[in-house]
Each structure stands twice: as structure tokens, then as C-alpha cells.
Amino acid sequence: MTEDHQDQTPLRPKVFNIPPDMSFVDCLAKEILRLHGRSLEELGRVTILTTTRRAARALQNAFLRETGGEPLLLPRMRPLGDVDEDDLLLEGDQEFLGAGDGRLDLPPAIDGLRRQLLLSRLIERQQGEKVDFAQCAGLAKELCRLLDQVQTEGLDFADLHQLVPAEYAEHWQITLEFLKLVSEVWPVLLEAEGCMDPAHRRDSLIRAQTEEWRQNPPEGPLYAVGSTGSIPATADLLTVIATLPEGAVILPGLDRHLDDKSWDLVLEEPGHPQFGLAKLLQKMDLKRDQVEDIFNEETRSCSPERPRFLANMLRPAETTDRWQLLEKPPGDVFEGLYQLTCSQSQSEALTIALLMRETLETPQKTAVLITPDRDLSRRVSAELKRWDIEVDDSAGSSLDQSPPGVFLRLVARMIADRFAPVSILATLKHPYATMGMERAAFREHVRELERLALRGPRPAPGLDGIKEILQHSEASTDLQNWFDLFSELAGDHAALMSPAPLRFEALVHSFIGFAEKLSLEQETGQSVLWKGHFGEAAADFIAELLRSSDVMEELSSSIWPDLMDTLMSGRMVRARYGLHPRLQIWGPIEGRLQRADRVILGGLNEGIWPPDPGSDPWMSRPMRQEFTLPSPEKKIGLSAHDFQQAICAKEVYLTRSEKVDGTPMVPSRWILRLETLLKKFATSLENDRTRTLLDWQEKLDRPAAYLPVSAPRPTPPLSARPRRLSVTRIEKWLKDPYSIFADAILKLKPLAQIGEDPGAAEKGTFIHAALEKFVKEYPDSLPPDALDRLLSIGRETFSDVLSYPAVWAFWWPRFERIATWFIAFEKERRMLFTPAA
């Protein structure tokens, strides 16, 4: 960037580029300081528009690195709120858009949860009893995505009528009819709310700012940095900024090496990494050679020949025949570039964790994992904890997978299942469940409850069924008192336990009250639900839910678990402090602008990176094209650009797993292209270094030595050995002698299954015991009320198990029929036969 770039004619956009082999934020910080760092006052006049808040923080850190931590009046930095991922990065900080000075009076953006619930009610009324409310909420979530996408592209749902239904299949015609909810009903409802959709509001703000700056250019230098202009409104804003007297746009990683024919084809291939930048330059009416590069050798992270190699590797499909003309690149192109192919996703995670842990052996060295695979990032975070390392994951964790989120979901499921054995055990064994008691004592009571009441035939629904079983068991007084306390706690929220619908606000209040009492901490007497950043996020979720309760009607507690799962899913929670300063996990969008000493690109399998474009649940491809929505492959192009930027770091490891959860995976298309070119040049990125890493991974959990153990040879004394065995057990003795040893000598009995169904063996045992007792009591003659006496003996024999509903419903009616037949049979037999002995 030249110092006199401000003097250029405003008719020609001022657009610059930082090559991918430069660290974007470091190179940018050096250039801004070179141009405007002569005085604090001049630097304070500069405004920089970044893609996201995280990009702004990365740039702040780059300024601090450049000045050695000295005090500095930083330029004003504002996020553009660029959209490059599935979820819209709708930035709340829009001060630079002039919304606060009275020039633009827009309604506030509607809360995301309130919007989802309002749409759910519309879907429920339209669909009737076809779907329950939880399913309506799931459909509403997808509708919210469609709303954001359409409004982000600057389209209008009113144009839906232009899609001629007769041209599409019948189910698409039904979809078009369904979408009238958002084209006709939703705008009216939104106006009544006095709000706007978040994407529409952001789009309106950006377009208003674009027009304002077109008419009244701002004072002071203005830079828009790192954006690819993937949003139409953002592209318009960048075009205006580029033509301002003191404005400039700085692009990330514009390709300089593709031939002109291939570059023209890029505009026809949305999956190409340069598609977004090519479209932006086309909008600005600029050629590639009119974009000036910003260089700084101190920020170079790899050989300048690597971007050339990558440009050829990722060239449009129609020109891949030019690979035949390529000459072998210099050896430094692949210096610091490694490829690791692991067998399973868990071994990939462990290998990455080893690489990150190894980084800490070098003082001040940093490492980062860049991946869109959230499952892989969770696995890596878990593996790093074996060395007590807490790593910052920029994408965060979904609230429904957090400790308070899981506990709330378990409590809701336990109530909906009416305290079924599996549900109540899952809840009471969660670390949060203590009821204000000492944790070890609480766990002991839960284990005793499981052994005495919850294993074996399923108890009657509700707590009364469990309580009745405990009363007829050998339960200790402490256990019965503890269970009474738990029953009393649940009884305080009796309306919640009823299947009858409740007012939504009352349901949420009662549910939270029950969960809080169940999670009381002994030391403080306070619930642990709301502690830490996960607890704060859970509290925000409940608060937002209560604010939106006025749009809800009555709801049954049986639907509440599924509804809460749907509403919680996708709400990301990010840690704020206490994480490792030198190790991080980034999403691809963070890796576009930042660098670390060691970069690991993980999850390079097709369908993960790049992501699977998937199928649109609302519109077919022809419908999307006619409605002028972008092609699903656009997402692949954005992902490819992030990959192209990240692979230009100094030390890069490309990792993938051959199988994920036992399913064979296909390598990423970029890996396949890379391997094709490497074979042409007789080169490989797998070497002694990568083999050593994989060997470390295999040996990490391998024991130091295997000590052979001889087969067990139990020789119990003769007095302990069984003297008689049934025929069936003789057969089992031959096949599995240790089962006989465990049963007949050690007297070990397997535990019954949790909430198991009645078994034929147990039923036969009870029936035979009852009949045997009856015959022994009346060996000679039958009493007049023989049937009643036999049924009475049966009740005594069945005793406690009659409280189980499965026994009462299935076993007892069969015993009554058997008893009737047995008495008739005995009367006839005793008339014809007399026992001899």
C-alpha cells in the first residue's frame, strides 16, 4: 500500500491484497503503523472494519506484538458481521452503522428464541394435530435459517409466487403453500411485535450506512479488511469504501498465479476458493492486476512458491489438464508441510493432542487446531486434559451438551417418563444431583435404590410404585427416609408431575424450582446449576424463555423434554478465561486471518471439510436458482478459501481419519488433488516425522510390558463342591465351567436388568412354588374353598412382585387361569389315584 493512495481518483476503487503466505493481521498492523503511526492522534483517526469481533481482537493483539506491549491508542475497530458459516454471525456491535445518531430509526431485532416460538405457534395452527409442538419448534428453527438466508441475500419472500407450482413435483407445491407462513403471515406478526428479523435489520443498517457514506464520506482513514464480500449488502459497502477519498479495501489471499482463462472460469464455479473474491472484483469492475499487494518479509510464513502450487492444485476442474505442464516446484514449497492419516477419529484426536502438547516443549511457541468438525475438537479438548491443559475452542460448546444443559434435559426426561428406572437413575447419578447432601452419601443411597427397587421388573409409574417396592424390601431406614425426602421434593411440584397441560410460564418456573432443589450444594446451600460460564449461559436461556412465555399456550410436561432439546440445540457457549494462552482451537473463519507457529488442519474428510452442502428442506435446486438464492456449493468455495489461507502457515499438519465411528471416510477433495500432484512429482508429505508421531500415538496408551497370566485353575475343597447338578447345568459345565464355579461355589448371582420385562423363568418359579406349597398343605383332601386358598397362597408367593405393573398385568391373570385348571385337575386325579408313598 503506498502512502499517497488517498490521492488516487475516487472513480477507481482502492483495493489491496495481503498474499496468503503473509500473516494477515501482522502484515496489516505493520502497514497501518507505517502509514499512520507517526503520532497517536493520527492513529486514533483510523477506523478498521473487520469481519468479526474475534478478527478485531486478533488485530489488536497484532498491534501489541508490533509495539512490544507498549501503550498505544489503537484505531477504532468494528465488526462487519460477515457471514461465512452455517450460523449467521450477526454482530450486535453496529455503532459504525450510524444507528445511534438519529439518522436511522429501526425497530429492534427480535430475540432468536421468541422468533422460533412464534413461528412454532404458526406452524402448530397450520398443521393441527399432524405434529406435536416440539416438532413444530424444529420446523421453526429451519424456517429461521431460511428467513436469514433470504434476507441476507436481499431477496423478498413476496417473490415466491413467481415460482410456478405446476413446474415442480407435488411435494414441492405443498412446500410452497407451507412457505406462505413466512411470505404472508410472518411479516404481519413481526410488525405487531414491533421488531425486525436480525438478518433484515443488519442488512438494512449496512445498506443505510452504504448510502450515508456515498453521500457524506467519513473523516479519517477507513479500511475494510479481511472480508470476501460474501453478503450482497457487504459487497455494496466494500465497493463504496473502496471509492472513498480516504477509504480502502484489503482482501485476504487474492490469487495471483492462475492464468486468465482459468480465472474467468472461477466465476462459473462457486466451489472454487477464489469465487467470492472474483465476484467482488467483478462488482467493483476491477481486474486482478489493478489490485496492489501489501508485502512485509517479516510476516512471511512460508515459501512464496507455495501459493503458486496451491493455485494450480485448486484450479477449476475444466483446466486441470494443465497439470501435465507443471514443473516440479522448489523443495522449500513443502518444507514444514506434513500429512497424517490415522485409522480412527479417536486416534486422530490423540495425534493432534500430542502435536499440541509437544509445542509446549518450546518456549513461546504457539499451536492451533483449525477444523469445522466439532466432534473432533471435543475429542482433542478431552485428550489434552490428560496433561491438565484446558484449551480455548473458538466455536464453543453447544448448551445442550454442557453440564447444566445435560442435567436440565435429564430432569425433564425423568418427569416426562414418570420416574421410570432408567430416567431416574440417569438424573440422580449426574454430578449436579445432591439435594444439599454430602455427595458420597447421596451416591450410596442412589446405588442402594438401584439394587433394591430399580433392577428387576419395572415398578408402577410414579414415585409411589418405587416407594411400595422399598416398603416390601430390605431397604434401610436411612434409604427410606432419603427417598421420602426426594418424594417430598417432587411433591412440592405436583402439577409438574401431572400429565395435564400447564401454563407455559408456570411449567418453566416449577421445572426450574425442582431442578434447583435437586442440585443444591451442601457447602453453600445454593444450586450449582448457574455456576461458571455454562451456568450463566443456561440462566440466559431460561431468562429468554421466560421473556417469550407470553406467546405460548398451555403445554404438557410430556412434550417439554423434546421442546427443550430443540430450543437448546445450537446455542453455543464459549469460555471466557482460565484457558491455555498458547494452544487454541479455531473454526476455519478464524484461520483465514490469523497465524500460529504450528497449524493443524484436522478432519480433512469429504463431508466434514469441505462440509456437505446437504439438501434444502424447503426448495429444490431449480427453485433456488429461480428464486436467485446462492448455490449450495458457495459454502464449499468459502471453506476452500479458508483452507487455502490456513495451509500457508510456517508449520502445517494435515490430518484425517480413515474411519469415523466405524464408517469408512473419503479424503477431502483437496487432499485428493494434493496427493495427485505429489505423485506426479514423486513426493510425499508422509515421512519419518509423521511415522514417528503415529507411533507415539499408538504407544501412548500401550502398557510397558505384557505379563502372561496362566489360565485360572480353581480347586475348591471337596466340601464346597456341588454334589448334584441338573442335566442342563452338566452341559453348561462342559461349555463354561467357570459359570458353575461362580454360581454354585462362590454364590455369585448376576444383577437383574434395570426395569426389565417379566421373564418366563421367574414366572415359572413363582407358579411352581405356589402349587408346591398348596399340595404340601393339603396332601390328602381338598378344602371346599380350594380355589380361593390356592389364590391366597399365590398372593403370598408372588408377594412383593405383585406391585410391579408388568407382573400384575401379565403374570397374575395367567396364574388365575392355571389355578382354576389345577383345582379341577386335582379333584379328578384324587378321585382316581391314591399316593402309595
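Since we're looking at a predicted model, the values are computed, not measured.

Student: Even after reading the chapter, I still don't get the packing of helix α4 (residues 112–127) against helix α5 (residues 133–152), so can you show me in this structure?
Tutor: Each pair of packed helices can be described by the angle between their axes along with the distance between the axes. Contact pair α4 / α5: the axes reach a minimum separation of 8 Å and the direction vectors enclose 120°. Seen from above, α4 lies across α5 with right-handed handedness. Residues R115, Q116, L117, L119, S120, R121, I123 and E124 of α4 pack against F133, C136, A137, L139, A140, K141, L143, C144, L147 and D148 of α5.

Student: Could you clarify how one ought to interpret the side chain of S120 in this entry?
Tutor: Of note, S120 is situated in helix α4. Judged by relative accessible area, S120 falls into the buried class, the value being 0%. Polar contacts involving the side chain of S120 include one to the main-chain carbonyl oxygen of Q116, which spans 2.6 Å. In this view, S120 contacts F133, C136, A137 and A140; residues no more than four positions away in its chain are not counted.

Student: Hey, could you run me through a nonpolar patch on the surface in this one?
Tutor: Taken together, the side chains of I730, W733 and L734 define a hydrophobic patch exposed on the protein surface, amounting to about 340 Å² of accessible area. Mapped onto the fold, I730 is located in helix α29 (residues 727–735). Of the residues examined, I730 reaches a relative accessible area of 34% and is grouped as partly exposed.

Student: Help me understand the side chain of R115, please; the structure alone is not making it clear to me.
Tutor: Inspection of the secondary structure assignment puts R115 in helix α4. Take R115: its relative accessible area is 5%, and that puts it in the buried class. Other than its neighbours up to four places away in sequence, R115 contacts I110, C144, L147, D148, W186, D197 and P198.

Student: Is there a simple way to think about the sheet that holds strand β1 (residues 15–18) in this case?
Tutor: Read from one edge to the other, the open sheet built from 6 strands follows the order β3-β2-β4-β5-β1-β6, with strand pairing classed as parallel. The sheet is open, and its two borders are formed by β3 (76–79) and β6 (292–293), each paired with just one other strand. Here 2 bridges tie β1 to β6, and the two strands are oriented parallel to one another. Residue pairing in the sheet places N17 in a bridge with D293 of β6. Here helix α1 (residues 24–36) sits on the sheet and contacts β1, β2 (47–50), β4 (222–225) and β5 (247–252); the angle it forms with β4, its principal contact strand, is near 170°.

Student: What is the right way to read the state of the cysteines from this model?
Tutor: By definition, a disulfide links two cysteine residues through a covalent bond between their sulfur atoms. A full pass over the atoms with the stated rule returns 0 disulfides. Lacking any disulfide linkage, C144 is separated from the closest cysteine sulfur, that of C136, by 13 Å. When its relative accessible area of 9% is taken as the criterion, C144 is described as buried. Of all cysteine sulfurs, the one in C648 lies closest to C302, which takes part in no disulfide; the gap is 4.3 Å.

Student: How should I be thinking about unusual backbone geometry in this particular structure?
Tutor: When glycine is set aside, most residues are seen to have a negative phi, and most peptide bonds are trans. A cis amide bond links W609 to the next residue, P610, at an omega of 10°. Mapped onto the fold, P610 is located in the loop between β13 (598–601) and α25 (621–626). Located in the positive-phi region is A682, a residue other than glycine, with phi close to 50°. Among the structural elements, A682 can be located in the loop between α27 (669–680) and α28 (688–700). You can call A682 exposed: its relative accessible area is 72%. Residue K747 is not a glycine yet carries a positive backbone phi of 60°. Relative to the elements of secondary structure, K747 occurs in the loop between α30 (737–745) and α31 (760–777). Take K747: its relative accessible area is 57%, and that puts it in the exposed class.

Student: Just to check I follow, could you spell out the confidence of the model for the chain for this structure?
Tutor: Of all residues in the chain, 93% have pLDDT values of 70 or greater, and the mean over the chain is 87. Counting interchain partners and residues more than four positions distant, the pLDDT-below-50 stretch residues 4–10 has 11 contacts. The model gives residues 82–103 a pLDDT under 50, and that stretch makes 59 contacts with residues more than four places away or in other chains.

Student: Help me out: how do you make sense of the nonpolar core in this one?
Tutor: The nonpolar side chains of soluble globular proteins are, as a tendency, buried together. One finds L449, F486, F511, F514, W560 and L563 to be the most contacted residues of the largest nonpolar core, which totals 93 residues. When residues no more than four places from it in sequence are discounted, the contact partners of L563 are F133, A134, A137, F504, M552 and L555. Of all hydrophobic cores here, the second largest spans 32 residues; its members include L337, I647, A649 and L677.

Student: Just to check I follow, could you spell out the packing of aromatic side chains for this structure?
Tutor: Any pair of aromatic rings gets described here by the distance separating the centres and the angle formed by the planes. If you walk through the whole model with that rule in mind, you get 18 aromatic pairs. With a centroid separation of 6.2 Å and an interplanar angle of 45°, the aromatic rings of F483 and F486 are classed as tilted. In this pair, F483 and F486 both sit in helix α19 (residues 477–491), 3 residues apart, roughly one turn of the helix. In this structure, F483 and F486 share a single accessibility class: buried. Taking 6.1 Å as the distance between ring centres and 90° as the angle between the ring planes, the aromatic pair formed by W609 and F643 counts as edge-to-face. On the criterion of sequence distance, the pair formed by W609 in the loop between β13 and α25 and F643 in helix α26 (residues 633–646) is long-range, its members being 34 residues apart. Across the pair, F643 and W609 agree in class, each one buried. Among the aromatic residues, ring-to-ring pairing joins F419, F442, W482, F483 and F486 into one connected group. Positioned over the ring face of W387 is R386, at 5.8 Å from the centre of the ring.

The rules behind these values
- Within every chain, residues take consecutive numbers counted from 1 along the sequence as written.
- The model is predicted, so local features are restricted to residues of pLDDT at least 70 and side-chain atom pairs to those at 80 or more, both for listing and for counting; the totals for chains, interfaces and linings are taken over all residues.
- Excluding hydrogens and water, the side-chain values take into account all heavy atoms of the structure.
- In this analysis, axes come from line fits to C-alpha atoms, helices being fitted only over the stretch in contact, and the angle between any two N-to-C directions falls in the range 0 to 180 degrees.
- Numbering of helices and strands runs from the N terminus; a helix is a DSSP stretch of H or I covering at least four residues, while a strand is a stretch of E covering at least two.
- Handedness of a crossing is defined here by the sense of rotation of the near helix relative to the far one, left-handed for an anticlockwise turn of less than a right angle and right-handed for a clockwise turn.
- We call two residues in contact whenever any of their non-hydrogen atoms come within 4.5 Å of each other.
- When a residue's accessible area, from a 1.4 Å probe over protein chains only, is under 20% of the maximum for its type it is buried; when over 50% it is exposed; and in between it is partly exposed.
- We call two N or O atoms a polar contact when they sit within 3.5 Å, provided that within protein one can donate a hydrogen and the other can accept it, with sequence-adjacent residues counted only if both atoms are side-chain atoms.
- Residues form patches when they are more than 30% accessible in relative terms and have no salt bridge. Like charges link within 9 Å. Nonpolar side chains (Val, Leu, Ile, Met, Phe, Trp, Tyr) link within 5 Å.
- What sets the accessible areas is the Shrake-Rupley method with a 1.4 Å probe; for residues, cover comes only from the shown protein chains.
- Criterion for a salt bridge: a side-chain nitrogen of Lys or Arg within 4 Å of a carboxyl oxygen of Asp or Glu.
- Only strands that DSSP links by at least two bridges are regarded as paired with each other.
- Cysteine sulfur atoms that pair up within 2.5 Å are treated as a disulfide.
- Confidence scores labelled pLDDT are given residue by residue by the predictor and lie between 0 and 100.
- Residues enter a nonpolar core if they are buried and are Ala, Val, Leu, Ile, Met, Phe, Trp, Tyr or Cys, with the set joined through side-chain atoms within 4.5 Å.
- Any two rings among Phe, Tyr and Trp, with Trp reduced to its six-membered ring, count as a pair given centres within 6.5 Å; such a pair is stacked if its planes are under 30 degrees apart, edge-to-face if over 60, and tilted if neither.
- In this analysis the charged atom, NZ for Lys or CZ for Arg, is taken to sit over a ring once it is within 6 Å of the ring centre and within 35 degrees of the ring normal.

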